[in-house]
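Here are the chains, one letter per residue:
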Amino acid sequence: QVQLVETGGGSVQAGGSLRLSCAASGVTRSNGCMGWFRQAPGKEREGVAAITFSGIFTYYSDSVKGRFTISRDNGKNTLYLQMNSLKPEDSAMYYCAAKMGRCGSWYLAPQYDYWGQGTQVTVSS
């Protein structure tokens, strides 16, 4: 019943910004921990950020901390990822995901039950 659709990807120069959105239907408090992951060619899927249903608690990987901001608007059923000071190494397919229960081990992809189709982010130097 949960459907996730990402938008907002694109191409940008290093130092630029992008905001990803994830339209989420069927997300409730029981499956309300949501995260952003990314996967570059030949690499494993990497947890970027996560947020609790209330939005009070957020989590970030060290590689994006201070540059990316995750947020959500439950009234609009939308998850966001504001990405600033982008670097070429941020280039990847970005996915939003939702998991049952709390955000423990938020960075582990197998913990998530629902996934979007992804949106491509390309950062040129």
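Summarised in this report is the structure supplied together with it. (Residues numbered from 1 in each chain as written. Predicted model: local features only at pLDDT ≥ 70, side-chain atom pairs only at ≥ 80, totals over all residues. Heavy atoms only, no water.)

Section: the environment of asparagine 31
For asparagine 31, the position within the fold is in the loop between strand S3 (18-25) and strand S4 (33-39). Along the chain, asparagine 31 and alanine 98 lie 67 residues apart, while their C-alpha atoms are 6.3 Å from each other. Sequence-distant contacts of asparagine 31, that is, excluding residues within four places in its chain, are made with Val2, Gly26, Ala98, Lys99, Met100 and Tyr114. (Helix = DSSP H or I, 4+ residues; strand = E, 2+ residues; numbered from the N terminus. Contact = heavy atoms within 4.5 Å.)

Notes on the side chain of threonine 52
Looking at the element boundaries, threonine 52 is found in the loop between strand S5 (46-51) and strand S6 (58-60). Setting aside chain neighbours within four positions, we find threonine 52 in contact with Gly32, Phe57, Tyr59, Arg72 and Cys103.

A closer look at the sheet that holds S3
Spatially, S1-S3-S8-S7 is the arrangement adopted by the 4 strands of the open sheet, whose pairing is antiparallel. The two strands at the open ends of the sheet, each matched to only one other strand, are strand S1 (3-7) and strand S7 (68-73). Neighbour-to-neighbour, the strand axes of this sheet turn through a mean angle of 15°, independent of strand direction. Sheet analysis places S1 next to S3, joined by 5 bridges and oriented antiparallel. Within the sheet, the bridge partner assigned to threonine 7 lies in S3 and is serine 21. (Pairing = 2+ DSSP bridges. Axes fitted to C-alpha atoms, helices over the stretch in contact; angles between N-to-C directions.)

Some thoughts on the layout of surface pockets
Within this model, the largest pocket holds a volume of roughly 160 Å³. As for the largest pocket, its lining consists of Arg29, Ser30, Gly32, Cys33, Thr52, Phe53, Ser54, Gly101, Arg102 and Cys103. (1 Å grid on protein atoms, 1.4 Å probe; cavity = no way out; pocket = protein on both sides within 12 Å on 5 of 7 lines; lining within 4 Å. Points joined across faces, edges and corners; volume = space filled by probe spheres on them.)

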